[in-house]
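# Secondary and tertiary structure notes
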Amino acid sequence: MRIVFCGVGAIGSATALLCRNLDATRVFIDFDRVESKNLLSQAYVKPSVGKNKAEALKLQLHNLHGVKAEAFGVRLTRDNVEALCKDADLLVDCFDNQDSRQLLSDHARKAGTPLVHGAVSADGTFGLVRWDERFTPDAEDTQGQATCEGGEHLPLLGLLAATLARAVQDFLKHGVKRDAFVNLNAVTPVAGQG
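As the structure is a computational prediction, the values presented were derived from the model and not from experiment.

Our next topic: the sheet that holds strand β6 (residues 127-131). Taken together, the 8 strands give an open sheet; going across it, the order is β3-β2-β1-β4-β5-β6-β7-β8, and neighbouring strands pair in mixed fashion. Looking along the sheet, the strands with just one partner apiece sit at the ends: β3 (69-72) and β8 (187-189). On average, each strand axis in the sheet is tilted by 15° relative to the strand beside it, whichever way the strands run. The sheet contact formed by strand β1 (residues 2-6) and strand β2 (residues 25-29) spans 5 bridges and is parallel. Bridge pairing in β2 places Cys 6 opposite Ile 29.

Taken from the UniProt record, the annotation "domain: THIF-type NAD/FAD binding fold" (unreviewed entry) applies to residues 2-126. Note that residues 2-126 is 33% helix and 19% strand, and that its end C-alpha atoms are spaced 29 Å apart.

Before going further, it helps to examine the pairing of strand β4 (residues 90-93). Of the two faces of β4, the one lined by Leu 90 and Val 92 and the one lined by Leu 91 and Asp 93 are each fully buried. Note: β1 against β4, 4 bridges, orientation parallel. Looking across to β4, one finds that Val 4 is bridged to Leu 91. Where β4 lies against strand β5 (residues 115-120), 3 bridges are found, and the strand directions are parallel. Note on β5: the bridge partner recorded for Val 92 is Val 116. For the segment spanning β4, helix α4 (residues 98-111) and β5, crossover handedness is right-handed.

Attention shifts here to the nonpolar core. Ile 3, Phe 5, Phe 28, Val 92 and Val 168 are the most contacted members of the largest nonpolar core, which totals 38 residues. At 8 residues, the largest contribution of residues to this core is made by helix α5 (residues 154-174). Residues in contact with Phe 5, not counting those within four places in the same chain, are Gly 12, Thr 15, Ala 16, Cys 19, Arg 26, Val 27, Phe 28, Ile 29 and Val 92.

Right, let's talk about the packing of helix α1 (residues 10-18) against helix α2 (residues 53-65) for a bit. The interhelical angle for the contact between α1 and α2, taken along N-to-C directions, is 30°, at an axis separation of 11 Å. Judged by the angle between their axes, α1 and α2 are roughly parallel. Judged by the sense of rotation from one axis to the other, the crossing of α1 with α2 is right-handed. Between α1, through Ser 13, Ala 16 and Leu 17, and α2, the contact on the second element is made entirely by Leu 57, Leu 61 and His 65. Grouping the constituent residues of the contact of α1 with α2 by class yields 4 nonpolar, 2 polar and no charged.

Look at α1 against α5: their axes get within 8 Å of each other, and the N-to-C directions meet at 50°. Taken as axis vectors, α1 and α5 run oblique relative to one another. Like other packed secondary-structure pairs, α1 and α5 cross with a definite hand, here right-handed. For the pair α1 and α5, the contacting residues are Ala 10, Ile 11, Ala 14, Thr 15 and Leu 18 in the first and Leu 157, Leu 160, Ala 161, Ala 162, Leu 164 and Ala 165 in the second.

Time to look at the pattern of salt bridges. Per the counting criterion, the structure on display carries 10 salt bridges. Residue Asp 32 is joined to Lys 53 by a salt bridge in which the shortest nitrogen-to-oxygen separation is 3.4 Å. You can see Asp 32 sitting in the loop between β2 and α2 and its partner Lys 53 sitting in helix α2, a full 21 residues away along the chain. Residue Asp 32 is classed as partly exposed on the basis of its relative accessible area of 26%.

Spanning 14 residues, α4 covers 20 Å between terminal C-alpha atoms, matching the ideal 20 Å at 1.5 Å per step. Of all the residues in α4, the buried ones are Ser 100, Arg 101, Leu 103, Leu 104, Ser 105, His 107 and Ala 108. Against β1, α3 (81-85), β4 and β5 lie the buried residues of α4. Taking the backbone nitrogen of Asp 99 as reference, a side-chain oxygen 3.3 Å away marks Asn 97 as the first, capping residue of α4.

Rules of the game
Here, residues in each chain are numbered from 1, in the same order as that chain's written sequence. Owing to the predicted nature of the model, reporting of local features is limited to residues with pLDDT of at least 70; listing and counting of side-chain atom pairs is limited to 80 or more, with chain, interface and lining totals taken over all residues. Note that the side-chain values use all heavy atoms of the structure and ignore hydrogens as well as water. By this definition, two strands are paired if DSSP reports at least two bridges between them. Secondary structure is summarised from DSSP: a helix means a run of H or I of at least four residues, a strand means a run of E of at least two, and numbering begins at the N terminus for each. Only the contacting stretch of a helix is used when fitting its axis, a line to C-alpha atoms as for every element, and angles between N-to-C directions run 0 to 180 degrees. UniProt positions are given in the numbering used here, feature names are shortened, and annotations may be inferred rather than shown by experiment. Relative accessibility under 20% of the residue-type maximum defines a buried residue, over 50% an exposed one, and the middle range a partly exposed one, all with a 1.4 Å probe and only protein chains included. Look down the strands so they point away from you; if going from the first strand over the helix to the second traces a clockwise path, that crossover is right-handed. Nonpolar cores were defined as sets of buried Ala, Val, Leu, Ile, Met, Phe, Trp, Tyr and Cys residues, with membership established by side-chain atoms within 4.5 Å. Working rule for contacts: check all heavy atoms of both residues, and any pair within 4.5 Å makes them a contact. Roughly parallel means an angle under 35 degrees; roughly antiparallel means over 145; roughly perpendicular covers 65 to 115; every other angle is labelled oblique. Crossings are sorted by hand: turned counterclockwise from the far helix by less than a right angle, the near helix makes the crossing left-handed, and turned clockwise it makes it right-handed. Note that Gly is not counted as nonpolar here; it falls among the polar residues with everything else outside the nonpolar set of Ala, Val, Leu, Ile, Met, Phe, Trp, Tyr, Cys and Pro and the charged set of Asp, Glu, Lys and Arg. Should a side-chain nitrogen of Lys or Arg be within 4 Å of a carboxyl oxygen of Asp or Glu, the pair is scored as a salt bridge. Under the convention used throughout, the expected extent of a helix is 1.5 Å for every residue step, that is, one less than its residue count. Residues adjacent in sequence count toward polar contacts only when both atoms are side-chain atoms; beyond that, a polar contact is any pair of N or O atoms within 3.5 Å, and within protein one must be able to donate a hydrogen and the other to accept it.

Listed below in structure tokens is the structure:
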């Protein structure tokens, strides 16, 4: 199995770490660099500051856990989405913006590749794990809105990442596609799952 994680910020980096036990090839796509402010809410260590997030996560998984991965430190675009995602058995969307989510969804539907989304609300009060056939990307309240900075929503992000990692695991092992609504009171399975 080849799992492609698209966006390895707060949700994506934590989910990828929680998927380190899976018998699969992990691929990370993210153009962004690790900043000091990311250390409070993302799964990066201090020596990663200044490095590309995809490359930094690849190195951390290998150095700390002996897990190998592939990394592409680029922005996913209409020009490269097919090349970067064509061999995926599963796509995991952890982007933080509507355009990137829609681009990935369009590709997955065209290619027939399973896609699961992990998303947190702009105000940090809830998160969703939703399979593509039941997901509609929505716009941010304000362009570039930060929802995962400073560690303010760290407990919710951790719970969301764990729920998303379990969805990936359940799909790989049993072919089950489970959606969930996540808040700090509960993780609630959502009806209509396959």
